[in-house]
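# Coordinates in review
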Amino acid sequence: MTLDELEPASRLALHELALRLQHDVGKYVTLQARWLPADADVGARIEAARADLLRTARGPAGERDAMAVAEPFVAALVGEAALEEGGSVVDLAEDPAVAEVLAAVAEVGRLLAPLAEPGAADVVDDAFAAARRLREACRALVAASRPPEPSDPDDVFFP
Amino acid sequence: MADILLVDDQDRFAQLLPRAIPEHRFLGPARSWGQARDLLRQERGRIDLVLLDVHFDIPEADLVGFQEGMAPKAVERLRREQGLHILTVLRREHPDLPVIVLTSREGMDLQRLGAEEEYTTFLDDDDLDAQVLRAQIDAMVAARRGEEIDGAVFWGTGLAMQRLRQRLAILARGRLPVVLLGPTGTGKSLLARHVVHARSGRGGRFVAVDLATLPSDLMAAHLFGAVRGAYTGSVGDREGAFEAADGGTLFLDEVGNLSADAQKMLLSVLQDGVVTRLGDLRERPVDVKLVVATNEDLAARVREGSFRADLYMRLNPATAVTLPSLVERQLDWNRLVGFLVEQALARPYLRDLIDDYGRGVDLPFRRIQAHVGSGMPERRPRTLVLHFPERTLRRLRHHPWPGNLRELSMVVENAALFALSEAIGVEAGERPDVVVVRKKLLDDLLRGPGEGVEGGHLRMEVEIEPQETLNRVAVACETQYFIKLYLQERGDFARMAELLLGDPEGGRKVQLRFNQLGLKVRDLKAQL
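Here is a short report on the structure shown in this document. Since the structure is predicted, the reported quantities are computational estimates derived from the model, not experimental observations.

### Some words on the overall build of chain A
The helix and strand tally for chain A stands at six helices and two strands. N-terminal to C-terminal, the α/β element order of chain A is α-α-α-β-β-α-α-α. Expressed as a percentage of its 159 residues, the buried residues of chain A come to 45%. Relative to all contacts within chain A whose residues are 6 or more apart in sequence, the contacts with residues 24 or more apart total 65%.

### Quick look at the overall build of chain B
Looking only at helices and strands, chain B features 21 helices and 17 strands. Split into buried and exposed, the 528 residues of chain B put 49% on the buried side. At a minimum sequence separation of 6, the contacts of chain B that also span at least 24 residues come to 67%. Working note: accessible area of chain B is about 25,600 Å², and carbon and sulfur atoms make up 48% of it.

### Details of the interface of chain B and chain A
Contact residues are listed per partner, giving 29 residues for chain B and 25 residues for chain A. When chain B packs against chain A, close to 2,300 Å² is buried across both sides, 46% of that on carbon and sulfur atoms. Applying the counting criterion to the chain B and chain A interface returns two salt bridges. When the shortest N-O distance is used, the salt bridge between B:Lys73 and A:Glu84 registers 2.8 Å. Along the contact surface separating chain B from chain A lie seven residue pairs in polar contact (both at pLDDT 80 or more). Top contributing element to the side of chain B that touches chain A by residue count: helix H1 (residues 12-20) of chain B, with seven residues.

### Let's talk about helix H14 (residues 348-360) of chain B
Residue and element names in this part refer to chain B. Helix length check: H14 (13 residues) gives 19 Å between terminal C-alpha atoms against 18 Å at 1.5 Å per residue, within 8%. Turning to H14, its buried residues are Leu350, Leu353, Ile354, Tyr357 and Gly358. One side of H14 carries all its buried residues, which in axial view fall inside an arc of 140°. Buried residues in H14 make contact with helix H13 (333-345), strand E13 (367-372), strand E14 (383-388), helix H16 (404-423) and strand E15 (434-436). The first or second residue beyond H14 is Asp362, which carries a positive phi of 60°.

### Some thoughts on the pattern of salt bridges
Pairing is possible between side chains that carry opposite charge, provided their charged atoms lie close to one another. Here the structure, examined in full by the defined rule, presents 31 salt bridges over all chains. Here B:Arg80 makes a salt bridge to A:Asp24, at a shortest N to O gap of 2.9 Å. Taken together, the positions of B:Arg80 in helix H3 (residues 72-80) and A:Asp24 in helix H1 (residues 8-26) put the pair across two chains. Accessibility assignment for this pair places B:Arg80 and A:Asp24 in one class, buried.

### Observations regarding the sheet that holds strand E1 (residues 3-7) of chain B
Residues and elements named next belong to chain B. Taken together, the five strands give an open sheet; going across it, the order is E2-E1-E3-E4-E5, and neighbouring strands pair in parallel fashion. Unpaired on one side and paired on the other, strand E2 (25-30) and strand E5 (120-123) mark the two borders of the sheet. Going from strand to strand, the sheet's axes swing by 20° on average, the running direction of each strand aside. Direction of pairing for strand E4 (residues 99-102) relative to E5: parallel, over a ladder of four bridges.

### Focus on helix H8 (residues 216-224) of chain B
Residue and element names in this part refer to chain B. Along H8, the residues classified as buried are Met219, Ala220, Ala221, Leu223 and Phe224. Those residues of H8 hidden inside the fold are in contact with strand E7 (206-210), helix H9 (241-244), strand E8 (249-253), helix H10 (260-272) and strand E9 (274-276). Backbone geometry just after H8 places Gly225 at a positive phi near 85°.

### Comments concerning the environment of B:Glu81
Following the sequence through the fold, B:Glu81 ends up in the loop between H3 and helix H4 (82-93). Between the alpha carbons of B:Glu81 and B:Asp53 there is a distance of 9.3 Å; along the sequence they are 28 residues apart.

### Overview of the packing of H13(B) against helix H15 (residues 390-397) of chain B
All names here are of chain B. Between H13 and H15, the shortest axis-to-axis distance is 11 Å and the interhelical angle comes to 100°. One finds that H13 runs roughly perpendicular with respect to H15. In this structure, H13 contributes Trp333, Asn334 and Val337 to the contact, and H15 contributes Glu390, Leu393, Leu396 and Arg397. Here the contact of H13 with H15 is built from residues that sort into four nonpolar, one polar and two charged.

### A short note on the pairing of strand E6 (residues 178-181) of chain B
A regular strand places its side chains so that they alternate between the two faces of the sheet. All names here are of chain B. Inspection of the sheet shows E6 paired to strand E11 (residues 289-294) by four bridges, in the parallel sense. Counterpart to Leu181 in the pairing with E11 is Thr294. Relative to strand E12 (residues 321-322), E6 is paired through two bridges, and the arrangement is parallel. Across the sheet, residue Leu180 finds its bridge partner in E12, namely Val321.

### Section: the sheet that holds E13(B)
All names here are of chain B. Read across the sheet, three strands follow the order E13-E14-E15 without closing on themselves; strand pairing throughout is parallel. Across the chains shown, the open sheet's two edge strands, defined by having one partner strand only, are E13 and E15. For this sheet the average axis-to-axis angle between neighbouring strands, irrespective of direction, equals 20°. Across six bridges, the pairing between E13 and E14 is parallel. By the bridge assignment for E14, Gln369 is matched with Val385. Relative to E14, H16 is tilted by about 120°, and along the sheet it contacts E14 and E15.

Rules behind the numbers
- Residues numbered from 1 in each chain as written.
- Chains lettered and ligands numbered in written order.
- Predicted model: local features only at pLDDT ≥ 70, side-chain atom pairs only at ≥ 80, totals over all residues.
- Heavy atoms only, no water.
- Helix = DSSP H or I, 4+ residues; strand = E, 2+ residues; numbered from the N terminus.
- Buried < 20%, exposed > 50% of the residue type's maximum accessible area, 1.4 Å probe, protein only.
- Contact = heavy atoms within 4.5 Å.
- Areas by Shrake-Rupley, 256 points an atom, 1.4 Å probe, with all protein chains shown as cover.
- Buried area = accessible area lost by both parts, 1.4 Å probe.
- Salt bridge = Lys/Arg side-chain N within 4 Å of Asp/Glu carboxyl O.
- Polar contact = N/O pair within 3.5 Å; in protein donor to acceptor, adjacent residues only side chain to side chain.
- Expected span 1.5 Å × (residues − 1).
- Arc of directions from axis to C-beta.
- Pairing = 2+ DSSP bridges.
- Axes fitted to C-alpha atoms, helices over the stretch in contact; angles between N-to-C directions.
- Parallel < 35°, antiparallel > 145°, perpendicular 65-115°, else oblique.
- Nonpolar A, V, L, I, M, F, W, Y, C, P; charged D, E, K, R; others polar.

Written out as structure tokens, the structure is:
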């Protein structure tokens, strides 16, 4: 199923899910990388990439890597969980915007183990590129899932 | 340096910010409203700004707005919007504390949550970096520190101001009163609040009383309180300013206006550390740091008998601090103007104008900077520059500034407003990212009531610059007032002749002189 085939309510639920995905995953996988000075050395670059991808969520409840944070969102996108609590379950893997998110998540997933290793310098550029790809994929999904504006002004509901 | 409270349930920004923006002190993170409220109380007004995240993945009991029996979906929404709920309660206790909310606006019903207001800025943390955040923090902190007089605490590099700064910091910690002297608009109330009170280490309130606006028969009641029936119209017990400022700082502006009764009572408070409400016998101990300000010569008032000598001595006049007028602060002129421009640009209504201008030139501006002085500013991505060229600065520098810093601040803000408004809708040139504040705009803004026809006489300002000969100076002056007069009278030579020669028939003579000065009517008509 693609986004355009979704019922309006599911489309709205997907859009909200995409906003949460962008908030929880998209923006934080590139956070420290964006704050790096242009002349940062390789040690600082590795530390930033590890912070962004291996400790994407960190607080009193502990740390979670990017895959762990993305996991519930991926499950909802491929029909293994509902788009929202009590909502519809749909497999959107064939939609191009969703497919790009899934591919970007998978690419990040492949890089997590080598990034944690002592030889992380070899993969740090790939990790930054994969993180940027995931960020852009999340943004694209937000844009693609945005419910269409009503074309007729009379369709606008004023509570 | 500013003290910034981070309110965030995660550690990401808490780890990042002290390294990326080391010039400020970051406190927290407070992981809920409860923790934020406790930290704000502990810091007793020393927090300059709050950085607030929006999504809080915290226990239900810690969520603002949580109610027993809420549906799981509603709780999830509450977590997702928790920062905005925190903002609402924060505003009740700290209505003017600047807050930067780290969120994109998309998907947020900000209006419903009442989050759209002054002192609040939303930064899309999706694109945030150290430079953007630093600029926003600096602008908001500067605006907050300057709001008392629409100016700012700008110390500059001058030795006199640096000494004054050190002196105030020492006096702030002491127990004796502080006397601030200086002309109007130099920032006395600003220094009382943001320097003396802020550095006193006192946890109580800052209370300001302008004695110039209080009727003398109500002054004592206002300062010292009163009990019911103490005077006509006193319908209940009321606390005075001294009690309100207990544990904090009381600022008495225009202290020379103190009535005779109030002078006597103030002396008693300073001697004994107790206040007695009008009509009451009970003495109430008060611990108040007193700051008084005046632009009068209090010693002269003592000599003429209108101000008590014993009170004057109790006010600690030996350590009085005199603030310089604006014209005495020429050393830091460009930086001061730049500082005031940045302050003005942080005001929300100017932000709206900048957004309008950005839409017109199809450039979404994320940063705004002031460029003060010669040369064109460098082009920077998504940055709008408000440029005050040298010629405009010279015009500012040569103004007498009777209203001092307050007046300059207002002129700069007006200049930003008019320059941006006039740029909207005009076809953009080569550098749509630069809005120039022209000298002509300053001429208009500074003309004020000092120029024009008054009592049958013509008053006009001219700008004098060194020339090779006195004759050239005279020609330069004459040229300036001819241009001003032509524009003022909308090109009516008969009216100009009436003003200059007292004869409306002399228009031809004026026009001839106009030509001799090399002035072209055609060029000036374009400015009408």
